[in-house]
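These are the residues of each chain, in order.
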Amino acid sequence: MTTPTRTTPTRTTSTPLAARLADVRARIVEACERVGRDPASVTLVGVSKTQPPEVVREAIAAGLLDLGENRAQDLLAQAQAPAAAGLAPRWHFIGHLQRNKVREVLPHIYALHSLDSARLIEEMERRWDARGAAGPPPGRLPCYIEVNIGGEAQKTGIAPAALPALLASASASPVVAVTGLMTVAPQVVDPEETRPIFRALRELAAAHGLRGLSMGMTEDYPVAIEEGATVVRVGRAIFGERRA
Ligand SMILES: *Cc1c(COP(=O)(O)O)cnc(C)c1O
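Overview of the site of the ligand
Link 1 in the chain: Taken together, 13 residues are adjacent to the ligand, and Lys49, Thr218, Gly235, Arg236 and Arg242 come closest.
Link 2 in the chain: A distance of 2.6 Å is found between an oxygen atom of the ligand and a side-chain nitrogen or oxygen belonging to Lys49.
Link 3 in the chain: Contact distances for the ligand include 2.7 Å between an oxygen atom and a side-chain N or O atom of Arg236.
Link 4 in the chain: Among the detected pockets, the ligand sits in the largest pocket.

A look at the pattern of salt bridges
Link 1 in the chain: Inspection of every chain in the model, using the stated rule, returns 12 salt bridges.
Link 2 in the chain: For Arg71, the salt bridge identified is with Asp74, shortest N-O distance 3.0 Å.
Link 3 in the chain: In this structure Arg71 comes out as partly exposed when scored by relative accessible area, which is 43%.
Link 4 in the chain: Two residues, Glu192 and Arg195, come together in a salt bridge whose shortest N-O distance is 2.7 Å.
Link 5 in the chain: By relative accessible area, Glu192 is classed as partly exposed at 39%.
Link 6 in the chain: Several salt bridges converge on common partners, so that one network encompasses Arg34, Glu192, Arg195, Arg199, Arg202, Glu226 and Glu227.

Re the pairing of strand β2 (residues 66-69)
Link 1 in the chain: Here β2 shows no split at all, with Asp66 and Gly68 on one side and Leu67 and Glu69 on the other all buried.
Link 2 in the chain: Taken together, the two bridges between strand β1 (residues 43-47) and β2 define a ladder with parallel strand orientation. Bridge assignment links Gly46 to a residue of β2, and that residue is Leu67.
Link 3 in the chain: Note: β2 against strand β3 (residues 90-93), four bridges, orientation parallel. Residue pairing across strands places Glu69 opposite Phe93, the latter belonging to β3.

Here's the deal with the environment of Ala206
Link 1 in the chain: Examined against the element boundaries, Ala206 turns out to sit in helix α7 (residues 195-207).
Link 2 in the chain: Here the alpha-carbon distance between Ala206 and Gly180, two residues 26 residues apart in the chain, equals 9.3 Å.

Section: the layout of surface pockets
Link 1 in the chain: Its volume calculated, the largest pocket comes out at about 360 Å³.
Link 2 in the chain: Lining the largest pocket are 19 residues, and of these Lys49, Asn70, Ile94, Val184 and Met217 lie nearest its centre.
Link 3 in the chain: Among the residues making up the lining of the largest pocket, the classes are represented as six nonpolar, seven polar and six charged.

A few points about helix α2 (residues 53-61)
Link 1 in the chain: Of the residues making up α2, those classed as buried are Val55, Val56, Arg57, Ala59, Ile60 and Ala61.
Link 2 in the chain: In the core, the buried residues of α2 are packed alongside α1 (16-35), β2, α3 (72-80), β3 and α9 (236-239).
Link 3 in the chain: Phi turns positive one or two residues past the end of α2, at Gly63, with a value near 105 degrees.

Side note on the nonpolar core
For soluble globular proteins, nonpolar side chains are generally found buried alongside one another.
Link 1 in the chain: Counting residues in each nonpolar core, the largest one holds 64 residues, and the members touching the most others are Leu112 and Met124.
Link 2 in the chain: Sorting elements by how many residues they give to this core places α1 first, with seven residues.
Link 3 in the chain: If we ignore the near neighbours within four places in the chain, the residues touching Leu112 are Phe93, Leu97, Leu120, Met124, Leu141, Pro142, Cys143 and Tyr144.

Digging into the packing of aromatic side chains
Link 1 in the chain: For the structure shown, the criterion picks out zero aromatic pairs.
Link 2 in the chain: A cation over an aromatic ring shows up here: Arg90 above the ring of Tyr110, its NZ or CZ 4.2 Å from the ring centre.

Cut-offs and rules
One numbering rule holds for all chains: residues counted from 1, following each sequence as written. A pLDDT threshold of at least 70 governs which residues receive local features in this predicted model, and a stricter bar of 80 or more applies before side-chain atom pairs are shown or counted, although totals over entire chains, interfaces and linings include all residues. Values shown for side chains rest on all heavy atoms present in the structure; no hydrogens or waters enter the calculation. Nearness here has a simple test: a residue counts as near a molecule or strand if at least one of its heavy atoms is within 4 Å of that partner. Under this definition, polar contacts are N or O atom pairs within 3.5 Å; protein pairs additionally need one hydrogen-donor-capable and one acceptor-capable atom, and for neighbouring residues in sequence, both atoms have to be side-chain atoms. As defined here, a cavity is a set of points on a 1 Å grid over the protein atoms alone where a 1.4 Å probe fits but cannot get out. A pocket is an open set with protein on both sides within 12 Å along at least five of seven lines, and residues line them when an atom is within 4 Å of a point. Throughout, a molecule is located in a cavity or pocket provided that more than half of its atoms lie within 2 Å of its grid points. Salt bridges, as used here, are contacts in which a Lys or Arg side-chain nitrogen is within 4 Å of a carboxyl oxygen on Asp or Glu. Think of it in three bands: with a 1.4 Å probe and only protein chains considered, a residue is buried below 20% of the maximum accessible area for its type, exposed above 50%, and partly exposed in between. Helix numbers and strand numbers start at the N terminus; a helix is a DSSP run of H or I with at least 4 residues, a strand a run of E with at least 2. Two strands make a pair as long as DSSP finds a minimum of two bridges between them. Grid points are joined across faces, edges and corners, and a volume is the space filled by probe spheres set on the points. Under this grouping Gly is polar, as are all residues other than the nonpolar Ala, Val, Leu, Ile, Met, Phe, Trp, Tyr, Cys and Pro and the charged Asp, Glu, Lys and Arg. Contact definition: two residues touch when any of their heavy atoms are within 4.5 Å. Among the buried residues, those of types Ala, Val, Leu, Ile, Met, Phe, Trp, Tyr and Cys that are joined through side-chain atoms within 4.5 Å form a nonpolar core. By convention, a stacked pair of Phe, Tyr or Trp rings (six-membered ring in the case of Trp) has centres within 6.5 Å and planes under 30 degrees apart, an edge-to-face pair has planes over 60 apart, and any other such pair is tilted. Two limits define a charge over a ring: the Lys NZ or Arg CZ must be within 6 Å of the ring centre, and within 35 degrees of the ring normal.

Here's what the structure looks like:
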């Protein structure tokens with residue numbers, strides 16, 4: 001036995017992070033079983049915000065190949081750090097994307113979960129050349145439109161009533177492909193309280209012929225899956241509490 005180095009893929013449950021990841025994956029399977037869904041229809045995005053690059057490499061080595069960040073500078077730092085040997089993750093941008101960060105972020109992301117304005121689409125069109133040929137798959141950028149379905153005043157995302165206009169802008173654009181809708185549910189004591197939010201997002205998506213649903217975080221991803229989530233964005237349940 002050689003001593004594993006930080007860059008050696010281990011794919012075991014022997015580290016605390018790998019054990020937590022295995023636990024999350026098991027709970028995803030259980031939630032799917034409860035409602036008769038195929039677990040392969042749910043993508044787990046590990047939200048690595050505030051975690052140092054070596055922890056992210058550990059997660060990649062444990063097989064977590066979809067990762068999310070919500071701030072441009074953090075996404076850039078993580079995406080530019082060397083990945084675990086031979087394993088390149090797909091980076092998902094999950095926070096509000098400022099237009100002045102579009103040029104830097106575009107080359108590194110696999111999907112955008114927080115499309116929230118026609119002006120952001122215009123900026124992506126203007127900066128599309130930055131995406132280049134390397135890295136992300138060719139073609140349009142998969143996007144989820146972020147909807148503030150709970151109507152909370154402090155939340156990001158568009159109002160449901162604004163969805164048709166933004167969908168029209170997106171469908172006229174050569175650079176974005178709207179995959180579905182995304183929401184961040186309000187913090188509640190009992191995760192069951194988020195069920196109506198997730199259900200409302202599913203119904204809104206279905207009304208517009210959209211299949212993708214990016215919804216569910218550490219506290220509520222099993223409920224989100226029961227309500228149809230195709231992507232769950234899970235941070236603390238995998239990585240532990242956030243660092244300062
Ligand atoms: C931080 C964050 C998450 C993950 O949150 P956890 O509670 O740690 O699972 C998911 N989505 C968004 C948009 C986030 O900012």
